[in-house]
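Notes for the structure review
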Amino acid sequence: MTARTTARTRTALVIGGGIAGPVAAMALHKAGIEATVYEAYDDSVSKERSSRFGGGMTVAPNGLQALETIDAAEAVRAIGTPVTALGLRSWTGRHLAQLVPPADLPTTRFVWRTELQEALVAEATRRGIVLHRGKRLLDATDTGTGVTARFSDGSLARADILIGADGLHSTVRSLIDPSAPKPHYAGMLTFSASVPKPTDLPSTEGVLYMCFGKKAYFAYQILDDGSALWSANLPHREPMTSTETQAVGAGEWLKRLREAFADDRTPASDLLAATLPPDLVITGPTETMPPLRAWSRGGMILIGDAAHATPPASGQGASLASEGAVELARCLRDLSPGKAFKAYESLRRPRVDRILKHATATPTATSAAARTATPKPAGPLSRALRDAVLPMVTKVGEGAVWGAWQFEHRIDWDERVG
């Protein structure tokens, strides 16, 4: 038997300081494993990226429950806006459905991605976890008893294992499997903004509304003080890089968004009119990721978007990343690396696959949102069919909540793996 199948993990290199990375480091710390995080961007670039790439997102009840397992949920609650339900509306303003998670679960939080990253990094740092910035991974060597990482600044780092939490365009993924598929452009560009100046629109009372427009998809929430937040997916046939999208400029994108939603009888036009160019976050192209054959090889393993990117409409990206980070730490606590990696994948793949299927299967509500990501907007017949079907497929009885199985997932930290 090799050392990798018998020895326990003592140290870990975590590549990526976004969401999955800091959560993994904190979970490993709780499991008694020393973890060090390596982030590609330095402080100055991170601050620049904060204004350019920090789009809005939600942390679902299951994600908050995973964070509660490692006593990190309060860091998210402190920065997030409560979302008590999801409301679905057509371009005409017609109410289609309202999805309310079970009352005994943590309340979903809307957060800005960069604020979430900063909060998680701050919490990890408070716990004594070291995060090195400006460390772009070039390659890694697996010796059979450990992994040595080489960074673009010439430095090296070694630990028992290496965890790839480096996102959709993962370097670790290509090291694990050079033939792994690459992300594909999903046919839409994503934008979001906060509207800090009070609007004349009534509060949505905690409901985040998802509107299926004639030409694009729009989500919004009006807070009690009249301020608002919104996001939009704009179909765009020709692929654009983040740099190209940024180069167009906020003013021009706001003009195009106003044109796209001009015919919709929803608050989209009012909110876009109240949005100033400096407040627009141009997230850029949305990409999808085909399933991977392998999440690990030797002493290297993937978590979060590096392993399984979810459609934006699923609302599960940050939550699945948090779940996976905690589960991996639990497996490494109880098993040698080789066995832990297998146990982790057997625990996570079925759940991830089910959520991905739920997010894209017709004719669910999340698939309706996901399908607005196509370059061709839904036609009159498709819109009519969708608006007729959604109220039926999301209606459940006896106090049940549609899709609640996603949110009810809990991780028992004290339960032994294996």
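Every chain's residues receive numbers from 1 upward, in the order its sequence appears when written. Thresholds applied to this predicted model are a pLDDT of at least 70 for local features of residues and 80 or more for the giving and counting of side-chain atom pairs; totals over whole chains, interfaces and linings are not thresholded and use all residues. By convention in this description, side-chain values take in all heavy atoms of the structure and omit both hydrogens and water.

1. Brief notes about the overall build of the protein
The helix and strand tally for the protein stands at 15 helices and 19 strands. The rule is simple: take the accessible area with a 1.4 Å probe, protein chains only, and divide by the maximum for that residue type; under 20% is buried, over 50% is exposed, in between is partly exposed. Residues classed as buried in the protein amount to 56% of the 418 residues present. Residue burial considers only the protein chains on display, and all accessible areas are found by Shrake-Rupley using a 1.4 Å probe. Summed over all atoms, the accessible surface of the protein reaches about 17,900 Å², with 53% contributed by carbon and sulfur. Strands are runs of DSSP state E lasting at least 2 residues, helices are runs of H or I lasting at least 4, and numbering of each runs from the N terminus.

2. A short note on the pattern of salt bridges
Side-chain pairs of opposite charge can arise where the charged atoms are in close proximity. Basic side-chain nitrogens of Lys or Arg form a salt bridge, by our definition, when they fall within 4 Å of a carboxyl oxygen of Asp or Glu. Counting across every chain of the model gives 15 salt bridges. Bridged by salt links that share partners, the residues E68, E74 and R77 form one connected network.

3. Description of the side chain of T275
Its location among the elements puts T275 in the loop between α10 (268-273) and β17 (280-288). Accessibility expressed as a relative area gives 1% for T275, which makes it buried. Counted as a polar contact is a pair of N or O atoms within 3.5 Å, where, for protein atoms, one must be capable of donating a hydrogen and the other of accepting one, and residues adjacent in sequence contribute only when both atoms are in side chains. At 2.7 Å, the side chain of T275 and the backbone oxygen of L271 are in polar contact. Residues within four places of T275 in sequence aside, it is in contact with A193, V195, W230, L254 and R258. Between two residues, a contact is recorded if the distance between any of their heavy atoms is within 4.5 Å.

4. A short note on the sheet that holds strand β1 (residues 11-15)
Pairing is mixed in the open sheet, where 6 strands are placed in the order β8-β2-β1-β12-β19-β18. The open sheet has two edge strands with one neighbour each: β8 (131-132) and β18 (296-297). One ladder, built from 2 bridges, connects β18 with strand β19 (residues 300-302); its direction is antiparallel. Across the sheet, the residue bridging to R297 is M300, located in β19. Sheet strands in contact with helix α2 (residues 20-30) are β1, β2 (34-38) and β12 (161-164), and its direction is about 165 degrees off that of β2. At least two DSSP bridges between two strands are required for those strands to pair. In this analysis an axis means a line fitted to C-alpha atoms, helices contributing only their contacting stretch, and an angle means the value between N-to-C directions, from 0 to 180 degrees.

5. Some points on the environment of E123
Mapped onto the fold, E123 is located in helix α6 (residues 113-126). Under the relative-accessibility criterion, E123 is labelled buried at 13%. The sequence separation of E123 and P22 amounts to 101 residues, and the corresponding C-alpha distance is 8.5 Å. Not counting residues within four places of it along the chain, the set of residues in contact with E123 comprises M26 and D71.

6. Describing the nonpolar core
Among the nonpolar cores identified, the biggest contains 74 residues, and L28, L116, L162, I163 and I303 are the most heavily contacted of them. Per element, the largest residue contribution to this core is 8 residues, and it comes from helix α11 (residues 317-334). Ignoring anything within four residues of it in the chain, the contact list for L162 reads L13, I15, A140, V147, A149, V172, G299, M300 and I301. Listed in part, the 29 residues of the second largest apolar core include A193, V195, Y209 and L254. Residues belong to a common nonpolar core when they are buried Ala, Val, Leu, Ile, Met, Phe, Trp, Tyr or Cys residues joined through side-chain atoms within 4.5 Å.

7. Observations concerning the packing of α2 against α11
Interaxial distance between α2 and α11 falls to 8 Å at its minimum, and their mutual angle equals 30 degrees. On the basis of the axis angle, α2 is roughly parallel to α11. Here α2 and α11 pass one another in a crossing that is right-handed. Here A20, V23, A24, A27 and L28 of α2 come into contact with α11, specifically with A321, S322, A325, V326, A329 and L332. Think of it as three bins: nonpolar holds Ala, Val, Leu, Ile, Met, Phe, Trp, Tyr, Cys and Pro, charged holds Asp, Glu, Lys and Arg, and polar takes everything else, Gly as well. Here the residues of the contact of α2 with α11 sort into 10 nonpolar, 1 polar and no charged. For this classification, under 35 degrees means roughly parallel, over 145 means roughly antiparallel, 65 to 115 means roughly perpendicular, and everything else is oblique. Throughout, a crossing is termed right-handed when the near helix is turned clockwise from the far one, and left-handed when it is turned anticlockwise from it by less than a right angle.

8. Some points on the packing of aromatic side chains
One pair of aromatic rings is described through two measures. These are the centre distance and the angle between the planes. Any two of the Phe, Tyr and Trp rings considered here, Trp counted by its six-membered ring, make a pair once their centres fall within 6.5 Å; the pair's planes then place it as stacked at under 30 degrees, edge-to-face at over 60, or tilted in between. This model, assessed by the stated rule, comprises 9 aromatic pairs. Taking 5.2 Å as the distance between ring centres and 90 degrees as the angle between the ring planes, the aromatic pair formed by F110 and W112 counts as edge-to-face. The pair formed by F110 and W112 is uniform in burial state, with each residue classed as buried. Between W295 and Y344, the aromatic rings sit 5.9 Å apart at their centres with planes inclined by 55 degrees, giving tilted as the arrangement. With a gap of 49 residues between them, W295 in the loop between β17 and β18 and Y344 in helix α12 (residues 337-360) connect regions that are remote in the sequence. Counting every residue linked through ring pairs, the aromatic cluster contains Y209, F218, Y220, W230 and F261. Criterion for a charge above a ring: Lys NZ or Arg CZ within 6 Å of the ring centre, and within 35 degrees of the ring normal. The positively charged end of K214 is found above the aromatic ring belonging to W91, 4.8 Å away from the centroid.

9. Re the environment of L168
If you trace the backbone, L168 turns up in the loop between β12 and α7 (171-176). Separated by 140 residues in the primary sequence, L168 and H308 have C-alpha atoms spaced 8.2 Å apart. With near-sequence residues (within four places) excluded, L168 lies in contact with R173, P183, E287, M289, D305 and A309.

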